[in-house]
Amino acid sequence: MKRFIHLVNKLEEVFIGYALLGIAVIATIQVVLRYTTGIAYDWVDEGSRYMTILITFVGAGICVRYGAHFSMDFLVQYSPNRGKHLLKVLANLVSALTMAVVFYYSWVQIGKLHKFEATTPSFQIPMYIPYLPIGIFTLVISLRFLIQAVKHMDGLVHNKPYETGGGAH
């Protein structure tokens, strides 16, 4: 199982790197073509927008894994060891619940888009497809917050030293 999780983690990071590179290359070609030949492709803007949404949600999951999301940690910083873990458990559980709510409503929206058969302007694909990363990766983010909560619960119960950052899992 650990090998599978490690593989998924690596795939996420590699995907983001290549996706950003792809957007940069395609956008550069688009700009060069627009100013040298007057030709512009609508699909470049639309595709870049959808890839940016995908990158944002994949990247948010990675940030949770590494504990890299910004947070207000004044109370955590000045709390005793167990208090730090308790505050992190609570923060991660609230964050997991929030992402679970977003997960639910994203699937409600995806269902509506599927029902009404809306299509994207340039690609002419069903509009619910660009929304799928929101539905999928909010669940991933929620699960990663739960994993962080469990790690801090273990630290709370066993009085382990508090470490800043989430660490990879």
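Structure's up top.
Cut-off values and rules
Residues numbered from 1 in each chain as written. Predicted model: local features only at pLDDT ≥ 70, side-chain atom pairs only at ≥ 80, totals over all residues. Heavy atoms only, no water. 1 Å grid on protein atoms, 1.4 Å probe; cavity = no way out; pocket = protein on both sides within 12 Å on 5 of 7 lines; lining within 4 Å. Points joined across faces, edges and corners; volume = space filled by probe spheres on them. Helix = DSSP H or I, 4+ residues; strand = E, 2+ residues; numbered from the N terminus. Nonpolar A, V, L, I, M, F, W, Y, C, P; charged D, E, K, R; others polar. Phe/Tyr/Trp six-rings, centres within 6.5 Å; stacked < 30°, edge-to-face > 60°. Expected span 1.5 Å × (residues − 1). Salt bridge = Lys/Arg side-chain N within 4 Å of Asp/Glu carboxyl O. Buried < 20%, exposed > 50% of the residue type's maximum accessible area, 1.4 Å probe, protein only.

Student: In this structure, what is going on with the layout of surface pockets? I would like to understand it.
Tutor: In this approach a probe as big as a water molecule rolls over the atoms, and the regions it shows empty are the leftover space. Quantified by volume, the largest pocket comes out at close to 670 Å³. Every element with two or more residues in the lining of the largest pocket is listed here: helix H2 (42-66), helix H3 (74-77), helix H4 (81-116) and helix H5 (128-157). Top contributing element to the lining of the largest pocket by residue count: H4, with six residues. Residue classes in the lining of the largest pocket are distributed as 13 nonpolar, 11 polar and four charged.

Student: Can you walk me through the packing of aromatic side chains in this structure?
Tutor: Two numbers describe a pair of aromatic rings. These are the distance of the centres and the angle of the planes. Taken as a whole and judged by the stated rule, the model has three aromatic pairs. With a centroid separation of 6.4 Å and 70° between ring planes, the pair formed by Phe 103 and Trp 107 is classed as edge-to-face. Of this pair, Phe 103 and Trp 107 are both found in helix H4, four residues apart, which corresponds to roughly one turn of the helix. Between Tyr 104 and Tyr 105 the ring centres are 4.9 Å apart and the planes differ by 80°, which places this aromatic pair in the edge-to-face class.

Student: I'm lost on H5 in this one. Help?
Tutor: Working note: α-helix, 3.6 residues per turn, so residues spaced by three or four point in the same direction. Helix length check: H5 (30 residues) gives 43 Å between terminal C-alpha atoms against 44 Å at 1.5 Å per residue, within 8%. Downstream of H5 by one or two residues, Asn 159 has phi in the positive range, about 50°.

Student: So what exactly am I meant to see when it comes to the pattern of salt bridges here?
Tutor: If the charged atoms of two oppositely charged side chains come close together, the side chains can form a pair. Taken as a whole and assessed by the stated rule, the structure comprises four salt bridges. As a salt-bridge pair, Arg 65 and Glu 12 come within 3.6 Å of each other at their nearest N and O atoms. Placement of the pair is Arg 65 in helix H2 and Glu 12 in helix H1 (residues 2-37), with a sequence separation of 53 residues. Of the two residues, Arg 65 and Glu 12, both sit in the buried class. Measuring nitrogen to oxygen at the nearest pair gives 3.0 Å for the salt bridge that ties Glu 13 to Arg 65. Here Glu 13, found in helix H1, pairs with Arg 65, found in helix H2; they are 52 residues apart in sequence, far enough to count as distant. Here Glu 13 falls in the partly exposed class, since its relative accessible area comes to 30%. Within the structure, one salt-bridge network assembled from shared partners comprises Glu 12, Glu 13, Arg 65 and Arg 144.

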